[in-house]
Structure formats: C-alpha cells, structure tokens
Amino acid sequence: MKKSDMTVEEALKIKLPLKECLIGEPHFYRKVAMVVLPMIIQNTLSNVVGLLDNIMVGQVGTLAMSAVAIVNQLMFVFMLCVWGALAGAGIFGTQFFGKRDYDGVRITMRFKLIVALVISVSAVIIFSIAGKSLIELYIAADTPAKEAEETLRLAKNYLDIMLISLVPFGLTQVYSGTIRESGKTTLPMAASMTAMVINFVFNFILIFGHFGFPKMGVAGAAIATVISRFVEVGIVVIRGHLCSDEYPFLVGVYKNFHVPTNMIWPIMSKSLPLLANEFLWSLGQAVLLQSYSIRGIEVIAAMNIANTIAQIFNEVFISLGNSTSIVVGQELGAEHFVQARVYAWRMAALSITSCFVMGALLYSVSPVIPQIYNTEPEIRNLAMEFIRVVAVVMPVNAFANVAYFTLRSGGKTLVTFLFDSCFTWAVSVPVSRILAGYVIMPVVMVYFCVCSLELIKSTIGFILVKKGVWVRNIVNRQ
C-alpha cells in the first residue's frame, strides 16, 4: 500500500479499512519496537532513577523536596524550549532520512547546534538574573516566614548549581535527537542509562555524605545531575563520531559548517511555532502548578511525588508519541502517503490500548509508593489521590499525544501550536485559576476537572488527524 507515485489528494481519497488501521502486520510492530523499546527502557529507567532521587531528597525533608520541585518546574520550561526549538528541524531531519538525503540531515543538525547553544546560554543568563523572583512565585503567601525563607534558600542554591548543566543538556539533545530521527535509538539509550547510574551513585554519596564526602543535601543532588549531564554528552558525541558506518550523517557535520540560506526560513517556519508551543505549554504547566500551590505548599510536595511516580507509567504512551513522529515522518518523506495514514492510526490504537493496561497498574500501586516518602501522612494521601486522577485520564492523554506528534510529523507546526499551548492557556489555565482560587472544592477535584479537559483536546485531535491536514512531504529540495 505504499504507492509512492500517488499524490496527497489521491491518498486522502482512499478509504482506509478499519481493521488495517487498528491492527498491523508483524513487520509493522517489529519496526515500531526497534524505535520505541529503547526509548521506553531509557525513559522508564530515567524516571525510576528520578523517583529514587526524589525519595533521597525527600529524606532531607519536605521543604527540600518542595524546593527541588520548584526548580525542576523551571528547568522543565527550559528543557521543553530546547525540545521545541529542535523539533522543527527534526521534522526535516526525519523526512530527509526517509529519502536517504544525508546532506539534508547534516544541514538540520547544524541548525540545531546553533539554536541549542543560543537557548542554553540565554537560559543561564535569565535564571541567573531572575531565578529568585521566579522561585518566590511558588511559595504561597500564607507560608510561615521561616519555612518560606528556607525553601527559597534551598531552591536558589539548587538552581545556581543546575545552571552548569544547561549547555551539555542542549548538546545532548541535538545529537540524541538527530540519531533517533534516523530510527536508531540504542546509543541515546546507552548514554542516558550510563548517566542515570552516575547520577544515582553521586546522589547517594553527596546528598547523605557517604565515603568521606560532606553531607550536602539539595546541593549534592544538583552536583550529581551536573556530573551525569557531562557524562551523557561525552558518550553520545564521542561514540556517535567514532561509529561513522552506523551514523553516516554525522560524517562532515562540522566541515564547511553552514546552513544554506534557502533552508533557513523553511526550518525556522516550522521551528518557531514549536518553540513558542513548547515554551508556552511548559509555562502553562508551571502556571498550573502555581495555581494549585494556592492551596498550600504541601500541595506542591504531593504533586511532586505524584508526578514523579506517574511519569514512570506515562512513559509508554509518551515514547509511542515520539515514535509516531519518526515512523510516520519517514513514510511522508518517502512519499508513502497512504502508509503514513495507516501507521498514524495504528500508533494511536497501540498507544490507547497500552494506557488501559498502564493506567490500571498505576491505579493499583497508588496507595503503596507514596508511603516510601519521609513526609507527613496527609501529603502521602494527597499524592495517592493525584496519582489516581492521572491513571483515570491516561488513555485520553495518550490519544492527544499521538495526535500532536502525527500533526507535527507533516510539518503542521502552527496547527500543533493552536492545538497544544493555545488550548492550555485558553482553557486549562483559566479553569485551574478559577477552581483553585475562587471555588470551594477539594484540590484533588480541581486537579481532576482540569485533567478531564484533555477530552476536548483529544476530540479536536481526532478530527484533524482524520481530515489528513498533516499528510505531505516537506523535503523536496531543488
């Protein structure tokens, strides 16, 4: 059904059999497994290590855990800005690889290197100047003065050290992203797993002061992260360039370093909406957390626990979403438009099905894992309720995620901007502000109402994917 000589218009007129859209052949699942399994392994282990790190910081105390949660939310904004800015070039990279145009892949990688360095250095400057003011936004006005002061001190100390890791993080995303776009995900997985082990070991040593090292608490956690980031970038860069046969697009990437002028605007036109989307979406998530924090600093601690645990179970559908952009994008680059449509629906079916299983597992463990944390019983109970909300809405989030990456694979970045971040700011943020600040309602119910809004987003995504507005090739260079 590839029919590479078919136009987009002809491909959209073909009615796809329901069974073929929901169930694929063995070779389809083998192809998806080669892409998605290393991602799932890498990200799941990363989140497990994150959970263990979270538990170790939690042993220091609730204020330390809240301080780290606040800074990590700010770091999340930076990370998504990097991912969003690189994603536009990544759309081109995936489609270039689909048509085996390695020079095109090199051009997109050079563009990403420039952008990653600009964003990373800018973030260091911004957080250095405005870090304290940003942290204070998350400390509720009714927090006792001593607790507020200690939380601010711990958070600022943690942030100052974390700034060292921003540039290596950006470079890692450039290399790992480009390699993943070729369908090879093993090297990024190996680099990340090694970094995770380093991070965990140094967390254990530096947070608690083992093996003769000083007991550094939150600062120790930050130093461990910095060390692991340098290890990760070293592995992926050195190994990538040494294995030129496996990654031919890395050969000569720095030779005659330039991006052709006729490629700058096409890439920028896709990158800017994605950068704006990821920035505004992540900022929206930060504002949502700030809205919930109106109900007290214990809510931040509980959501930190819940999000860390839920992220482990969410990783399956998140990785499937990322894989969708690779699997579908390569078909679009090869001009297999009908196949791309079929693959998009199969990925959606696979993602939703997996989330019924993962959601049930998450709900079943929700009373158990929060008990590991050294914090007050009411915070553990609150975390359990938040986890259950995440478990219930997981299948809805899964489809919205696949729809987003399907639209993005065809370069419809302006549509994804409206679909993702505009929805967050126009719907989710106002609803959370009103319910948290002006309605007498338990905070768990507020969280459930806001999360349930994803059903509207999924409906919009279904319509857009079905219409096929994303089905097109964007890498026909003359």
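Structural data are supplied above this passage.
A brief structural summary. Please read all numbers here as calculations on a predicted model, not as lab measurements.

1. A word on a nonpolar patch on the surface
On the surface, Leu18, Leu22, Ile23 and Tyr29 cluster together into a nonpolar patch covering about 390 Å² of accessible area. Classification of Leu18 as exposed rests on a relative accessible area of 62%.

2. What about the packing of aromatic side chains?
Ring pairs (aromatic) are described by centroid distance and by the angle formed between their planes. What the rule picks out here adds up to 13 aromatic pairs. Ring geometry for Phe28 against Tyr29: centres 5.1 Å apart, planes inclined by 75°, an arrangement best described as edge-to-face. Assessed through its relative accessible area of 0%, Phe28 is described here as buried. A relative accessible area of 30% means that Tyr29 is categorised as partly exposed. With 4.9 Å between their ring centres and 50° between their planes, Phe28 and Tyr343 make a pair best called tilted. With Phe28 in helix H3 (residues 26-60) and Tyr343 in helix H12 (residues 337-365), this residue pair connects regions lying 315 residues apart in the sequence. A relative accessible area of 2% places Tyr343 in the buried class. Within the aromatic cluster, the residues linked to one another by ring pairs are Phe28, Tyr29 and Tyr343.

3. Some remarks on the nonpolar core
Note that soluble globular proteins tend to have their nonpolar side chains buried in a common cluster. Core analysis: the biggest nonpolar cluster contains 144 residues, and Phe78, Phe127, Leu362, Phe386 and Trp470 have the highest contact counts within it. When residues of this core are assigned to their parent elements, the largest contribution, 22 residues, is made by helix H4 (residues 62-98). Discounting residues that sit within four places of it in the chain, Leu362 has contacts with Ile309, Ala310, Phe313, Ile387, Val390, Ala391 and Met394.

Procedures and definitions
Residues numbered from 1 in each chain as written. Predicted model: local features only at pLDDT ≥ 70, side-chain atom pairs only at ≥ 80, totals over all residues. Heavy atoms only, no water. Patch = residues over 30% accessible without salt bridge, like charges linked within 9 Å, V, L, I, M, F, W, Y side chains within 5 Å. Areas by Shrake-Rupley, 256 points an atom, 1.4 Å probe, with all protein chains shown as cover. Salt bridge = Lys/Arg side-chain N within 4 Å of Asp/Glu carboxyl O. Buried < 20%, exposed > 50% of the residue type's maximum accessible area, 1.4 Å probe, protein only. Phe/Tyr/Trp six-rings, centres within 6.5 Å; stacked < 30°, edge-to-face > 60°. Helix = DSSP H or I, 4+ residues; strand = E, 2+ residues; numbered from the N terminus. Core = buried A, V, L, I, M, F, W, Y, C linked by side-chain atoms within 4.5 Å. Contact = heavy atoms within 4.5 Å.

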